[in-house]
Structure formats: C-alpha cells, structure tokens
Number of protein chains: 2
Amino acid sequence: MALRHAVLAALLDEELSGYQLTKAFDLGVANFWHAQPQQLYAELTRLEQDGLVTGREVVQDNRPNKRLFRVTDAGLAELEHFTALAAKPSFIRDDLLVKVQAADHVDTETLIARLTERSAFAQAKIDLFGRLLHTMRGDRTEEEFLRHGERIGPYLTCLRGLAFEHGNRDWCERAAAVLRERQGAHVRN
Amino acid sequence: MALRHAVLAALLDEELSGYQLTKAFDLGVANFWHAQPQQLYAELTRLEQDGLVTGREVVQDNRPNKRLFRVTDAGLAELEHFTALAAKPSFIRDDLLVKVQAADHVDTETLIARLTERSAFAQAKIDLFGRLLHTMRGDRTEEEFLRHGERIGPYLTCLRGLAFEHGNRDWCERAAAVLRERQGAHVRN
DNA sequence: TGTTACATGTAAATCGTTACATGATTGA
DNA sequence: TCAATCATGTAACGATTTACATGTAACA
C-alpha cells in the first residue's frame, strides 16, 4: 500500500485539493508514482479517516468549493516508518517492450510506428522535466542547489524521471533504427 | 490485459512449462514484464481455453510430470493484433522514489541505506543482463548481431532492461552522495 | 535429515482502471 | 453555444499480491 505514502509525500510541500493532486500526479509526481483521479479522491478520504491528513473546506465564489489537505504529525510519522522498511524492487511492466520482444514475429512497420510514438512521448516528458528542474533550482546551478537547497526531494525524483525518459527515448530510437536497417537489408536481398 | 501478451511473447522461442515460465519471469522476461507464479499458472489455463497456446503433458520419471506450452497460430495472430494497438505509456511506480520525495522530512541515514540497497540490487541485474546479452550474441559484436541475428526481440528488450538498471544504479549513487554531503555539511555547522 | 528445486494450483484481499454521474464557470 | 477547466465522487470490473496448500526428488 504505497499509494497512500505517495500522496503523503506529494502533500509535504503544500496544501492541495483532490483536484490539484490529480494535476500533480499528471506532472511531476508521475515521476515517482502514477494514479487515477478516482484513486486519489478515495485515498484522501481514507487518509483523513486515519488521521494522516486533515482537510479544510475552502469556500469559493466563482468555482465550486474545495477541500485542501495537509499532512498531520501522524502522517509524517507514517512516512518515517515507511522509509525505514526495505523498498520493494521496482519492476518494468511495459506494453511496448512486450511488442518488441515479439519483434521477429510481428509486422516491422507497425512496430517502428509504436517506437516512434513512444519516442515522441518520452521527448515531451524530457522537455517538461527540464522545465520543472529549472523552476525548482531557479538561477542556481544543479550542484549548488543540491548542496544548499532547502527542499531537494522533489528535485532528486525529477532527476530520476528525466533519466528514465532519456533511457526510453534513446532506446526507442536505437530499436527503430535497427529494425529499419534490417528491413532495408531484407528488401534489397 | 497485457500479461497474456507477455506470456505469449515469452513462449515464442521455446516450449515452456508453467514452472519454467516463472523462472523466465524472474530473469530475462522481467525486463519487459513482471508477474507472480500464481498469475502465470492462471494465465496459461486461460490462454489454453482461448486456444492461444496448446499444452502437452510430458511424463517424467524422477520429477513430477509437467505440461509444456507453445503458441498457436491464433496466439500469433493475437500478438500481431496487440502490436497494432497504441502502446500505453509506462509509468514508474517505485517505493524508493516515494521515500526520496520525502527526503527533507525523513531520516537521512535510513534513506541512504535504502539507496545503497537498491544500488546493489541494480548492479546485480546489470551483471545478469550483461551475461544474458553475451549468451544471445555469442562471439558476434552487438552491431553484427543486431544487423544479421535471427532473433533480436529478446536482445532489444534486454538492452532496455540493462539501461534501466544502469539508470537506477547511477541515480541511487548520485542521490546517496548528495545526501551524504549535506549530512556532513550539517554536522560541521 | 534438512534444504533446495521441481511442479501446480486455490482463495482472499488489495490495488488499479474504466465507465458512469453531476454541475458550475470561463473563455473562444 | 461549445469545449475546457474546476471540483468530487460511485460502481463495476480487471489485475496483482499474499497467504495457504500439496507432494516428490536431489543434494549436502
């Protein structure tokens, strides 16, 4: 049950509503956890029942009212406890890799199309993460920020997300290139 | 429902029993999908019911009898169809990243311990994947193998797994180094 | 004699995705 | 007026994990 800890970790920096959390989980938080809005609303309810977060109603004029949540001391203690446990290894589960595993048995054109799509997706995330990192460190260099910054957790996780997407993009390009070359060679023979 | 396609892809090269599949999903196949033995046995049963694989009983003297499965033509067509669909983006869901996200709020020593554990785990997989790749390409160079090898799908997915674990190891080392340096600076102040 | 590997499952619980549902406001 | 954004859910289904269950044979 790590979704609850992901939510707690995401709420450490600021009070957020369920809706804002879903936005966060679409952007930066997606570097370390991914979840649907429905999961987040449900988890917030449970976390509040368990006293790990507290919500306060914020009345708004123009927009629907919302509830902002922040982590309680009990929530912080729960995170501390969670950190002390051995982390489970993180496994890859990727549709695209399944398709590439079958590369020699399925249509090459189709596979190259999938790789190209994924590569573009990865590039978009690379750009996004680059901007996020820049926002976090301001005009400091990365070294300087990591040495003396006040809040480096989100920066470090974003670095992992960036490296992951670099890995995705580079691998997609390489695999597509290999398939294209083999296709060419086959046609010429 | 991509587990079924992962199983089909894993069975492309050789007839395997459920037990052998669980071993494969512990090793190479874990580069593109991860699953528990219970899932695999259940999925094999469903796949056979749906006619996508066929099993044959192999009577053994010393060991319990086993059933070896291979992909049928219908199974191959299903894989082809699956490949034509847009691949879902693959998201990270990682305990360890949740812990690092909370870095500035939890105990640093503990976090460094988790990062060190993960780094060692990643290194072990790097070694394993290096050996697997070498086995697949034999005495050919990688370039040569990828150009003319007869079965490159598993090689390409293993390359992705290798890059992923390199990313894991390098990031863990970096994050641990950053935390250690900040800890040292704090103690001296 | 005890542990590991071989071999295959069932059942319960938890987690995650997809579909459905509602309603206001802002901006094009 | 139509789409997008804000705001929050319920219900059904599918996927995954964990616990329980069984038995033989090889090896140290």
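Residues numbered from 1 in each chain as written. Chains lettered and ligands numbered in written order. Predicted model: local features only at pLDDT ≥ 70, side-chain atom pairs only at ≥ 80, totals over all residues. Heavy atoms only, no water.

Caption draft 1: Quick look at the interface of chain B and chain A. The partner chain A presents 72 residues to the 72 residues of chain B that form the contact. With both chains or domains summed, chain B and chain A bury close to 7,000 Å², and 59% of this area falls on carbon and sulfur atoms. The interface formed by chain B and chain A holds 8 salt bridges in total. Between Arg147(B) and Glu181(A) there is a salt bridge, and its shortest N-O distance comes to 3.0 Å. (Contact = heavy atoms within 4.5 Å. Buried area = accessible area lost by both parts, 1.4 Å probe. Salt bridge = Lys/Arg side-chain N within 4 Å of Asp/Glu carboxyl O.)

Caption draft 2: Representation of the packing of helix α1 (residues 3-10) of chain A against helix α4 (residues 73-84) of chain A in the model. Residues and elements named next belong to chain A. Here α1 crosses α4 at 120°, and the two axes come no closer than 10 Å. Relative to α4, the element α1 lies oblique. You can see that α1 and α4 cross each other, and the crossing is left-handed. Across the interface between the two elements, His5, Leu8 and Ala9 from α1 touch Gly75, Glu78, Leu79 and Phe82 from α4. Among the residues forming the contact of α1 with α4, the class breakdown is 4 nonpolar, 2 polar and 1 charged. (Axes fitted to C-alpha atoms, helices over the stretch in contact; angles between N-to-C directions. Helix = DSSP H or I, 4+ residues; strand = E, 2+ residues; numbered from the N terminus. Parallel < 35°, antiparallel > 145°, perpendicular 65-115°, else oblique. Left-handed = near helix turned anticlockwise from the far one by under 90°. Nonpolar A, V, L, I, M, F, W, Y, C, P; charged D, E, K, R; others polar.)

Caption draft 3: Looking closely at the sheet that holds strand β3 (residues 66-71) of chain B. All names here are of chain B. Taken together, the 3 strands give an open sheet; going across it, the order is β1-β3-β2, and neighbouring strands pair in antiparallel fashion. Looking at strand neighbours, the two that pair on one side only are β1 (16-17) and β2 (53-58), the edges of this open sheet. In this sheet, β3 lies alongside β1 in antiparallel orientation, the contact comprising 2 bridges. When the bridges of β3 are listed, Ser17 appears paired with Leu68. (Pairing = 2+ DSSP bridges.)

Caption draft 4: Structural view of the UniProt feature "domain: Transcription regulator PadR C-terminal" (unreviewed entry) in chain A. Under the feature "domain: Transcription regulator PadR C-terminal" (unreviewed entry), the UniProt entry names residues 92-180 of chain A. For residues 92-180 of chain A, helix accounts for 81% and strand for 0%, while the C-alpha atoms at its two ends are 25 Å apart. (UniProt positions renumbered as here; feature names shortened; annotations may be inferred.)

Caption draft 5: A look at the side chain of Arg118(A). Mapped onto the elements, Arg118(A) comes out in helix α6 (residues 108-137). For Arg118(A), the contacting residues outside a window of four places in its chain are Asp94(A), Leu96(A), Cys172(A), Ala87(B), Lys88(B), Pro89(B) and Ser90(B).

Caption draft 6: Here's a closer look at the nonpolar core. Core analysis: the largest hydrophobic core is formed by 113 residues, its most contacted members being Phe25(A), Trp171(A), Phe25(B) and Trp171(B). In contact with Phe25(B), not counting residues within four places along its chain, are Ala6(B), Val7(B), Ala10(B), Ala30(B), Trp33(B), His34(B), Ala35(B) and Leu40(B). (Core = buried A, V, L, I, M, F, W, Y, C linked by side-chain atoms within 4.5 Å. Buried < 20%, exposed > 50% of the residue type's maximum accessible area, 1.4 Å probe, protein only.)

Caption draft 7: Representation of the protein's contact with DNA strand D in the model. Lining the immediate environment of DNA strand D, one finds 22 residues, of which Tyr19(A), Gln60(A), Met1(B), Gln38(B) and Asn62(B) sit closest. Near the protein, meaning within 4 Å, the atoms of DNA strand D are sugar or phosphate in a fraction of 74%, with bases accounting for the rest. Within the contact set of DNA strand D, a base oxygen lies 3.3 Å away from a side-chain nitrogen or oxygen of Gln38(A). At 3.0 Å from a phosphate oxygen of DNA strand D is found a main-chain nitrogen or oxygen belonging to Arg67(A). Only α2 (18-26), α3 (37-49) and β3 (66-71) of chain A together with α3 (37-49) of chain B provide two or more residues apiece to the surface near DNA strand D. In terms of residue class, the surface near DNA strand D is built from 7 nonpolar, 9 polar and 6 charged. (Near = heavy atom within 4 Å. Polar contact = N/O pair within 3.5 Å; in protein donor to acceptor, adjacent residues only side chain to side chain.)

Caption draft 8: Here's a closer look at the pattern of salt bridges. All chains considered together, the criterion is met by 30 salt bridges over all chains. For Glu142(A), the salt bridge is made with Arg174(B), and the minimal N-O distance between the two is 3.1 Å. Taken together, the residues Glu142(A) in helix α7 (residues 142-148) and Arg174(B) in helix α8 (residues 153-188) connect one chain to another. Using a relative accessible area of 26% as the deciding quantity, one classes Glu142(A) as partly exposed. Close ionic contact of Glu43(B) with Arg4(B) constitutes a salt bridge, the shortest N to O distance being 3.4 Å. Residue Glu43(B) is located in helix α3, and its partner Arg4(B) is located in helix α1 (residues 3-10); the two are separated by 39 residues in the primary sequence. The class of Glu43(B) is buried, set by a relative accessible area of 6%.

Caption draft 9: Structural detail: the environment of Leu40(A). Residues and elements named next belong to chain A. Relative to the assigned elements, Leu40 resides in helix α3. Accessibility expressed as a relative area gives 0% for Leu40, which makes it buried. For the pair Leu40 and Asp13, spaced 27 residues apart in sequence, the C-alpha to C-alpha distance is 17 Å.

Caption draft 10: Geometry of the domain arrangement of chain A. All names here are of chain A. Domain parsing of chain A yields domain 1 (3-84) and domain 2 (95-188). The distance between the C-alpha centroids of domain 1 and domain 2 comes to 28 Å. Between domain 1 and domain 2, the contact holds 8 residues from the first and 9 residues from the second. Roughly 560 Å² of surface becomes buried between domain 1 and domain 2 when both sides are summed, with 54% attributable to carbon and sulfur atoms. Summed over the three residues of domain 1 that lose the most area to domain 2, namely Asp13, Leu27 and Asn31, the buried surface amounts to 69% of that side. Summed over the shared surface of domain 1 and domain 2, the number is 1 salt bridge. In this structure, the salt-bridge partner of Arg151 is Asp13, at a minimum N-O distance of 2.3 Å. Our count for the domain 1 to domain 2 interface comes out at 1 residue pair in polar contact (both at pLDDT 80 or more). Taken together, the residues of the side of domain 1 that touches domain 2 sort by class into 5 nonpolar, 2 polar and 1 charged. (Domains from an automatic or database assignment.)

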